[in-house]
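# Structural features, examined
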Amino acid sequence: MDLPGKHVVITGASRGVGAALADEFAAKGARVTLVARSVDALAEVAERTGGSAVPADLCDRAQVDGLIERIEAEHGPVDVLVNNAGIDLTGAFTDMPMTDIERMVMLNAITVAELTRQVLPGMINRGGGHVVQVSSLAGTGTFPGISVYGGTKAFVTHMTAGVRLEMKGLPIGLTVVETGLITPTEMADSVLSYPPTEASFKRFYRLLLLTDADVVKVARKTVRAVEKGKRTVRMPARAFLFPSLTNAPRRLVEWFLVGVPRRVGD
Ligand SMILES: NC(=O)c1ccc[n+]([C@@H]2O[C@H](COP(=O)([O-])OP(=O)(O)OC[C@H]3O[C@@H](n4cnc5c(N)ncnc54)[C@H](OP(=O)(O)O)[C@@H]3O)[C@@H](O)[C@H]2O)c1
């Protein structure tokens with residue numbers, strides 16, 4: 001997709017990966033609309049990128065309901081949706097209150113599915129669009145302390161494989177971003193603050209199976225993936241085996257389904 005003039009909506013854009021994505025998309029000449037809760041931080045990113053801020057709590061079902069319609073009414077049709085907002089709430093599974101499980105599943109999974117569902121019909125009618133799902137390598141190989149988080153990321157990656165089947169033959173791009181820790185971010189600090197999770201990451205670092213990914217590099221690679229219509233962004237490259245192995249059955253099913261209708265009317 002040629003990005004100049006395109007309208008890109010990024011959730012979780014007040015800091016971290018989302019703010020870096022806003023910078024990179026804006027640098028390519030795209031018009032960015034930024035969603036998160038922190039009004040001041042969001043306004044700051046909007047000012048430096050020339051974008052628009054849409055404060056919203058994406059754990060609140062009432063605010064998620066009809067969000068894309070409200071954004072399109074005010075800021076125009078969405079060409080690219082980046083589902084980036086996410087929380088980890090790292091800690092012992094048995095100590096996790098149900099409210100934390102609910103918040104994580106709502107923001108990391110239900111909101112991602114719902115915003116994707118809201119945005120696709122307009123993109124299809126207009127003849128093009130792209131959705132980026134910021135998932136994680138934790139959706140493939142998970143660690144102690146991030147059980148529910150990893151589960152939500154597995155949901156995002158797997159759901160997107162199904163949506164891809166339903167979008168076959170349509171001018172819709174889908175990119176799944178699967179990385180290890182991204183630094184510097186508040187989430188990386190949070191993940192490493194729980195000793196069993198930190199020890200697990202250190203073991204993988206020692207085995208040379210994992211390195212941290214730089215936030216700006218992740219943003220640049222993701223924007224390039226949208227430009228080139230790439231299905232995945234995987235960092236670090238050395239961890240390619242884990243997501244590739246998990247993805248193999250999905251690719252096989254895709255291959256077996258050649259010629260089988262994916263939508264009513266096919
Ligand atoms: N950092 C990593 O190591 C890492 C690794 C792999 C994947 N990821 C994924 O990358 C994405 C971004 O993570 P990050 O590292 O940038 O995390 P971060 O620095 O903690 O930023 C999270 C973003 O999500 C927003 N957010 C949180 N709760 C929200 C809510 N209820 N409603 C709306 N927005 C909300 C935050 O804004 P407000 O607080 O202002 O609402 C913030 O903009 C996540 O999906 C994460 O799972 C991160």
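Keep in mind the model is a prediction, meaning the values are calculated, not measured.

All right, on to the side chain of Asp79 then. Inspection of the secondary structure puts Asp79 in the loop between helix H4 (67-75) and strand S4 (80-83). As a buried residue without a salt bridge, Asp79 has its nearest oppositely charged side chain in Arg126, at a separation of 5.1 Å. A polar atom in the side chain of Asp79 sits 2.8 Å from the backbone nitrogen of His7. What Asp79 contacts, discounting residues up to four positions off in sequence, is Met1, Lys6, His7, Met123, Gly129 and His130.

Here the focus is the site of the ligand. Near the ligand lie 30 residues; those nearest to it are Arg37, Ser38, Asn84, Tyr149 and Ile182. Between Tyr149 and the ligand, the recorded distance is 2.6 Å, taken from a side-chain N or O atom to an oxygen atom. The separation between a nitrogen atom of the ligand and a polar side-chain atom of Thr185 is 2.9 Å. In isolation the ligand offers 890 Å² of accessible surface; the protein chains occlude 97% of this area. Of all the secondary-structure elements, those providing two or more residues to the shell around the ligand are helix H1 (16-27), helix H6 (147-166) and helix H7 (186-192). With 3 residues, the top contributor of residues to the shell around the ligand is H7. Residues that form the shell around the ligand fall into these classes: 14 nonpolar, 11 polar and 5 charged.

A grouping of Phe240, Leu241, Phe242 and Leu245 is seen on the molecular surface, where their side chains present a nonpolar patch of about 410 Å² in accessible area. Note on placement: Leu241 falls in helix H10 (residues 241-256). Look at Leu241 and you get partly exposed, because its relative accessible area is 44%.

Here is what the cut-offs are and how they apply
- Residues numbered from 1 in each chain as written.
- Predicted model: local features only at pLDDT ≥ 70, side-chain atom pairs only at ≥ 80, totals over all residues.
- Heavy atoms only, no water.
- Helix = DSSP H or I, 4+ residues; strand = E, 2+ residues; numbered from the N terminus.
- Buried < 20%, exposed > 50% of the residue type's maximum accessible area, 1.4 Å probe, protein only.
- Lys, Arg positive; Asp, Glu negative; His and termini not counted.
- Salt bridge = Lys/Arg side-chain N within 4 Å of Asp/Glu carboxyl O.
- Polar contact = N/O pair within 3.5 Å; in protein donor to acceptor, adjacent residues only side chain to side chain.
- Contact = heavy atoms within 4.5 Å.
- Near = heavy atom within 4 Å.
- Areas by Shrake-Rupley, 256 points an atom, 1.4 Å probe, with all protein chains shown as cover.
- Nonpolar A, V, L, I, M, F, W, Y, C, P; charged D, E, K, R; others polar.
- Patch = residues over 30% accessible without salt bridge, like charges linked within 9 Å, V, L, I, M, F, W, Y side chains within 5 Å.

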